[in-house]
Amino acid sequence: CLGLFGIANLVLTYIPTSLIWAFFALLALESLPGSQFYERLRILTQGKKRRESLGYLEGVAFDQTVWFTVIQAALCLGIWAITVWTGLFGISFPLWIMALVPIRFFIIGRLVKQANALDPY
């Protein structure tokens, strides 16, 4: 099994890094349409008819949806900034990801009353 890693390493050295990054970017773009976060970001800029077509938003006030989405976007941008701009401090990325769990359950749950309806997981 360890021999396969050596062979894979030899094969990967012949693939340009930009091609690998383009592949990861394509995977990320292809996964957007199925994401609730992406859908909520889109309805912030669209009309009321679009809001009614999303089943998981039934019974949730629009202002609660806006608050929940804005908080999620701010946290996402904050973690991205930590990993990109802080150099050695960026190694702490897993700690910030783990910190999102108590933030979601204790802080966002108090700020957004219908958070469980927006994020049932």
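Here the structure is a predicted model, which is why all the values come from computation and not from measurement.

K.L.:
Looking at this structure, I do not really get the confidence of the model for the chain. What am I missing?
P.N.:
Where the model shows low pLDDT, its predicted coordinates should not be examined in detail. Averaged over the chain, the pLDDT score is 80; the fraction of residues at 70 or greater is 88%. Per-residue pLDDT, averaged within each element of the chain, yields its smallest value for helix 7 (residues 115-118) (59) and its largest for helix 2 (residues 17-31) (90).

K.L.:
What should I look at first to understand the pattern of salt bridges in this one?
P.N.:
Any two side chains of opposite charge can pair if their charged atoms end up close together. Applying the stated criterion across every chain, the model contains one salt bridge. A salt bridge links E39 to R42, with the shortest nitrogen-to-oxygen separation between them at 3.7 Å. Of the two residues, E39 and R42 both sit in helix 3 (residues 36-43), three residues apart, roughly one turn of that helix. Take E39: its relative accessible area is 9%, and that puts it in the buried class.

K.L.:
Whenever I open this one, the packing of helix 5 (residues 62-85) against helix 6 (residues 93-111) confuses me. Can you help?
P.N.:
How two helices pack is summed up by the angle between their axes together with the distance between the axes. Viewed as axis vectors pointing N to C, helix 5 and helix 6 meet at an angle of 160°, and their least axial separation amounts to 11 Å. Taken together, the axes of helix 5 and helix 6 are roughly antiparallel relative to one another. In the packing of helix 5 onto helix 6, the handedness of the crossing is right-handed. Mapping the contact onto sequence places F68, I71, L75, I79, I82 and T83 in helix 5 and F93, W96, I97, L100, I103, R104, I108 and L111 in helix 6. Class assignment for the residues of the contact of helix 5 with helix 6 results in 12 nonpolar, one polar and one charged.

So, how was this worked out
Residue numbers run consecutively from 1 along every chain, following the written order of its sequence. Confidence filtering applies because this is a predicted model: local features only for residues at pLDDT of at least 70, side-chain atom pairs given and counted only at 80 or more, and all residues used for totals across whole chains, interfaces and linings. Hydrogens and water are ignored here; the side-chain numbers use all heavy atoms of the structure. Each residue gets a pLDDT score, which is the predictor's confidence in that residue and runs from 0 to 100. Strands here mean DSSP runs of E at least two residues long; helices mean DSSP runs of H or I at least four residues long; both are numbered from the N terminus. By convention in these notes, a salt bridge is any Lys or Arg side-chain nitrogen within 4 Å of a carboxyl oxygen on Asp or Glu. Partly exposed residues are those whose accessible area sits between 20% and 50% of the maximum for their type, while under 20% is buried and over 50% is exposed, using a 1.4 Å probe and protein chains only. Here an axis means a line fitted to C-alpha atoms, over the contact stretch when the element is a helix, while the angle between two N-to-C directions is reported on a 0 to 180 degree scale. Convention used here: angles under 35 degrees read as roughly parallel, angles over 145 as roughly antiparallel, angles from 65 to 115 as roughly perpendicular, and any remaining angle as oblique. Two helices crossing with the near one rotated counterclockwise from the far one by less than a right angle form a left-handed crossing, whereas a clockwise rotation gives a right-handed crossing. We call two residues in contact when some of their heavy atoms are within 4.5 Å. Any residue outside Ala, Val, Leu, Ile, Met, Phe, Trp, Tyr, Cys, Pro, Asp, Glu, Lys and Arg is labelled polar, Gly included; the first ten of those are nonpolar and the last four are charged.

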